[in-house]
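Observations on chain architecture
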Amino acid sequence: MSTETWTLDASDGGQLAVRTDVTGRASKMGHRLTIAMTSWAATVEWAGDAPTAVTLTAEVSSLDVVHGEGGLTPLIGPEKIVAKANALKSFDADRYPSICFHSTEITAVDSGFRLAGTAEIHGVSREITVDVDVTDLGDRWRVGSETTVRQSDYKITPYSQMFGAMKVVDEVTVTFDAEYRKP
């Protein structure tokens, strides 16, 4: 049986991102953000036609606010800087500089694979399941996933202002999209 290791990262055009939503009486004032992690790496170990292990590590300090929807005003440079500072504070990036996922079980499903494993965020490790879609594009593979994560499960207090009248929703959506060129 042949073995192979794939390494994917942001330099290959892949994206690891977090999408937020806002709630509260003043939620119309807040932006729904897309925050990209610009420094991350994923390793996929294969045996034959099946992955045997997946590891992903992202550097929290690499987060970049790339898009904001809603709000009273457009999300421009200074507001992006403030949003980034607030996100880094919520993550406590100096104390918890990385986010890690390690698979413990991988199961084939119709669209790709289901990864069961441990996510470590903000110093808290929790079991999580992630469905990964894999598409054969001929000369390369496209790999993608979308998973909901509850910040409070990892002892992260969602950002809020105006005494909670506008706050980030506890559940955020984590997306992953990458391509791997076939040898």
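This report concerns the structure included in the present document. Being a predicted model, the structure only gives us computed values, none of them experimental. (Residues numbered from 1 in each chain as written. Predicted model: local features only at pLDDT ≥ 70, side-chain atom pairs only at ≥ 80, totals over all residues. Heavy atoms only, no water.)

**What about the overall build of the chain?**
Check the secondary structure of the chain and you find 1 helix and 14 strands. By its C-alpha atoms, the chain is 60 × 30 × 30 Å across when sized along the principal axes. If you sum the accessible surface of the chain, you get close to 10,300 Å²; carbon and sulfur atoms cover 51% of it. Seen as two clouds, the 17 positive and the 26 negative side-chain charges of the chain have centres 9 Å apart. (Helix = DSSP H or I, 4+ residues; strand = E, 2+ residues; numbered from the N terminus. Areas by Shrake-Rupley, 256 points an atom, 1.4 Å probe, with all protein chains shown as cover. Lys, Arg positive; Asp, Glu negative; His and termini not counted. Charge placed at Lys NZ, Arg CZ, Asp CG, Glu CD.)

**Looking at the environment of V66**
Examined against the element boundaries, V66 turns out to sit in strand β7 (residues 63-70). Look past the residues within four positions of V66 in its chain and what remains in contact with it is T34, A36 and K80. (Contact = heavy atoms within 4.5 Å.)

**Notes on the sheet that holds strand β12 (residues 160-161)**
In spatial order, the strands read β3-β13-β12; together these 3 strands make up an open sheet with antiparallel pairing. Where the open sheet ends on each side, the last strands, each with one partner, are β3 (22-23) and β12. Direction of pairing for β3 relative to strand β13 (residues 166-168): antiparallel, over a ladder of 2 bridges. Across the sheet, residue T23 finds its bridge partner in β13, namely K167. (Pairing = 2+ DSSP bridges.)

**Re unusual backbone geometry**
Of note in this structure, H122 is not a glycine but carries a positive phi near 60 degrees. Structurally, H122 can be placed in the loop between β9 (112-121) and β10 (124-136). The phi dihedral of K155 falls on the positive side, at around 60 degrees, and the residue is not glycine. Judged by relative accessible area, K155 falls into the exposed class, the value being 64%. (Buried < 20%, exposed > 50% of the residue type's maximum accessible area, 1.4 Å probe, protein only.)

**Looking at the side chain of T175**
Looking at the element boundaries, T175 is found in strand β14 (residues 171-181). Setting aside residues up to four positions removed in sequence, T175 forms contacts with Q15, L16, A17, R19, S145 and E146.

**Here's the deal with the pattern of salt bridges**
Counting across every chain of the model gives 11 salt bridges. In this structure, R114 engages D131 in a salt bridge whose closest nitrogen and oxygen atoms are separated by 2.6 Å. Placement of R114 in strand β9 and of D131 in strand β10 is noted, with a sequence separation of 17 residues between them. For R114, a relative accessible area of 37% translates into the label partly exposed. A salt bridge links R150 to D170; its shortest N-O distance comes to 4.0 Å. Taken together, the residues span a long stretch of sequence, with R150 in strand β11 (residues 140-150) and D170 in the loop between β13 and β14 at a distance of 20 residues. With relative accessibility at 23%, the residue D170 sits in the partly exposed group. Each member of the salt-bridge network shares a partner with another, and the members are D139, R140, R142, D177, E179 and R181. (Salt bridge = Lys/Arg side-chain N within 4 Å of Asp/Glu carboxyl O.)

**Examining the side chain of T34**
Tracing the backbone through its elements, the reader meets T34 in strand β4 (residues 31-37). Non-local contacts of T34, meaning those with residues more than four positions away in its chain, are made with A17, V18, R19, D64, V65, V66 and H67.

**Points about the packing of aromatic side chains**
All told, the structure shown has 4 aromatic pairs when counted by the stated rule. Plain terms: the ring middles of W40 and F176 are 5.2 Å apart, the flat faces sit at 75 degrees to each other, and that makes the pair edge-to-face. A residue pair is termed long-range when its members are at least 10 positions apart, and W40 in strand β5 (residues 40-47) and F176 in strand β14 qualify at 136 residues. Residues W40 and F176 agree in their burial class; the two are buried. A connected cluster of aromatic rings, assembled from ring pairs, spans W6, W46, F113 and Y180. (Phe/Tyr/Trp six-rings, centres within 6.5 Å; stacked < 30°, edge-to-face > 60°.)

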